[in-house]
Amino acid sequence: MNQRDPEYDRFGPWVIEISDEDPPPPLFVPHLTRPDTPLLQLKIPRKISRRDAHPGMDLYDYMVSLYAEDMVVLERMERQVRERTIRYRDIQYLSLRDELLRGTVHLGVPDGSYDLPYNTVSGDIMRRLASIVCERNLTDHAALPLEVEPVESTELSFYFERLLRDEQAGGSDMRAIAAQPNTALGALEENPLRRFLFGIVDKRLLESLHLSDGRELKIVDRGQPFAYRWQSVYGRRETWIPLTNITSVDWDWGPDEADAAPVKVTVDTRAGAVSWVFTPNNSTLGHYRSFLTAAVAATGR
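Description of the structure in this document. (Residues numbered from 1 in each chain as written. Predicted model: local features only at pLDDT ≥ 70, side-chain atom pairs only at ≥ 80, totals over all residues. Heavy atoms only, no water.)

1. Describing the overall build of the protein
Then, number 1: On a plain count of helices and strands, the protein comes out with 5 helices and 18 strands.
Then, number 2: For the protein, the spread of C-alpha atoms along the principal axes amounts to about 75 × 45 × 35 Å.
Then, number 3: Burial statistics for the protein: of 301 residues in total, 48% are counted as buried.
Then, number 4: Pairs at least 24 residues apart make up 60% of the contacts formed inside the protein by residues separated by at least 6 positions.
Then, number 5: Carbon and sulfur atoms provide 49% of the accessible area of the protein, an area that totals close to 15600 Å².
Then, number 6: Mean positive and mean negative side-chain charge positions of the protein (36 and 46 charges, respectively) differ by 4 Å. (Helix = DSSP H or I, 4+ residues; strand = E, 2+ residues; numbered from the N terminus. Buried < 20%, exposed > 50% of the residue type's maximum accessible area, 1.4 Å probe, protein only. Contact = heavy atoms within 4.5 Å. Areas by Shrake-Rupley, 256 points an atom, 1.4 Å probe, with all protein chains shown as cover. Lys, Arg positive; Asp, Glu negative; His and termini not counted. Charge placed at Lys NZ, Arg CZ, Asp CG, Glu CD.)

Structure (structure tokens):
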């Protein structure tokens with residue numbers, strides 16, 4: 001009788017927390033030399049179907065161990081293992097993105113950003129990973145002396161309104177400091193021909209919600225700034241940036257600030273930049289600009 005392979009028996013598209021029942025994959029075991037107990041330890045499976053797997057196969061592409069001050073990522077490279085240690089204090093921003101079955105945790109670090117892919121059936125446990133990273137990262141970032149005055153979030157979809165209500169109901173100190181509703185770009189055009197052409201393709205600026213508690217910036221968006229009539233948008237992205245990590249903010253108003261073109265807001269960090277788009281007549285944009293300008297000034301940059 002063939003001996004059963006417990007790892008193969010429990011293999012699927014889901015991320016698994018390491019435990020006595022689910023031990024580390026054999027390929028990674030020789031690299032687990034740290035004596036301290038991790039806060040969380042996960043193994044992320046290969047992108048293969050169950051029918052393509054077999055007992056004895058290397059079934060996991062990543063193993064992630066979160067410790068008190070850093071995290072260790074072990075990545076399978078054929079039959080080799082690449083190891084990377086990332087200190088929480090070096091993470092300039094983190095993004096968690098879901099789109100249908102594809103998910104990604106993006107870690108923005110100065111010496112080369114890192115992506116952890118996963119199937120969104122494991123969204124809860126990857127959100128737990130992101131939460132630990134953000135909490136540990138913020139221990140090195142004090143609140144800035146800023147007044148976080150909330151703005152009215154007008155014309156947001158029910159989905160985004162519910163996100164805001166859930167944030168507040170959970171006891172969070174996060175307050176909405178800017179919001180961009182779904183907007184047809186044709187509505188911004190004064191030129192009749194351009195308005196007609198935009199109406200045909202129905203190009204839309206997608207919504208986003210921007211919050212802060214005085215320590216970090218949290219942005220929820222659709223993972224892309226625009227969509228057309230024929231595109232279905234299922235994505236969601238959450239980005240966390242400690243305010244003290246922002247090195248500068250660029251406001252691209254086009255040829256002049258009276259122009260009807262969308263405004264691109266780019267937040268720079270030592271690990272690169274992240275951007276969002278607003279309509280030029282957005283009523284929360286002035287408040288957002290003042291808040292981010294004050295945040296950069298408060299860090300002495």
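2. Looking at the pattern of salt bridges
Then, number 1: Per the counting criterion, the structure on display carries 19 salt bridges.
Then, number 2: The partner of Arg127 in a salt bridge is Glu238, with the nearest N and O atoms 2.9 Å apart. Note that Arg127 is positioned in helix H2 (residues 123-138) and Glu238 in strand S15 (residues 236-242), a separation of 111 residues in sequence.
Then, number 3: Residue Asp166 pairs with Arg162 through a salt bridge whose shortest N-O separation is 3.6 Å. Residue Asp166 and its partner Arg162 are both found in helix H3 (residues 158-169); the two are separated by 4 residues, about one turn of the helix.
Then, number 4: With relative accessibility at 45%, the residue Asp166 sits in the partly exposed group.
Then, number 5: With relative accessibility at 32%, the residue Arg162 sits in the partly exposed group. (Salt bridge = Lys/Arg side-chain N within 4 Å of Asp/Glu carboxyl O.)

3. Thoughts on the sheet that holds strand S7 (residues 102-108)
Then, number 1: Read across the open sheet, the 7 strands follow the order S8-S7-S6-S15-S13-S12-S9; overall the sheet is antiparallel. In this open sheet, the two strands that pair with only one neighbour each are strand S8 (114-119) and strand S9 (175-180). Taken over all neighbouring pairs, the strand axes of this sheet differ in orientation by 15 degrees on average, direction set aside.
Then, number 2: Across the sheet, H3 touches S9, strand S12 (208-212), strand S13 (216-221) and S15, and the angle it forms with S12 is around 15 degrees. (Pairing = 2+ DSSP bridges. Axes fitted to C-alpha atoms, helices over the stretch in contact; angles between N-to-C directions.)

4. Looking at the environment of Leu27
Then, number 1: Relative to the helices and strands, Leu27 resides in the loop between strand S1 (16-17) and strand S2 (40-45).
Then, number 2: Residues Leu27 and Leu74, 47 residues apart in the sequence, show an inter-C-alpha distance of 9.8 Å.
Then, number 3: In this structure, Leu27 is in contact with Asp58, Arg76, Glu78, Arg79, Gln80 and Val81, ignoring residues within four places of it in sequence.

5. Describing the nonpolar core
General note: in soluble globular proteins, nonpolar side chains tend to be found buried as a group.
Then, number 1: Counting residues in each nonpolar core, the largest one holds 28 residues, and the members touching the most others are Leu66, Met71, Val105, Met126, Leu129 and Val133.
Then, number 2: Mapped onto this core, the elements with two or more residues apiece are S2, strand S3 (60-66), strand S4 (70-77), strand S6 (93-99), S7, S8 and H2.
Then, number 3: Ignoring any residue separated from it by four or fewer positions in sequence, one finds Val105 in contact with Leu94, Ser95, Leu96, Tyr114, Asp115, Leu116, Tyr118, Met126 and Leu129. (Core = buried A, V, L, I, M, F, W, Y, C linked by side-chain atoms within 4.5 Å.)

6. Points about the pairing of S3
Then, number 1: Across the 7 residues that make up S3, a large majority, 7, are buried.
Then, number 2: Two strands pair when backbone bridges link them, and S2 and S3 are joined in this way by 6 bridges, in the antiparallel orientation. Bridged to Pro45 within S3 is Tyr60.
Then, number 3: Relative to S4, S3 is paired through 5 bridges, and the arrangement is antiparallel. Paired with Tyr62 across the two strands is Glu75, which belongs to S4.
Then, number 4: Here S3 folds back onto S4, and the loop between the two strands holds 3 residues.

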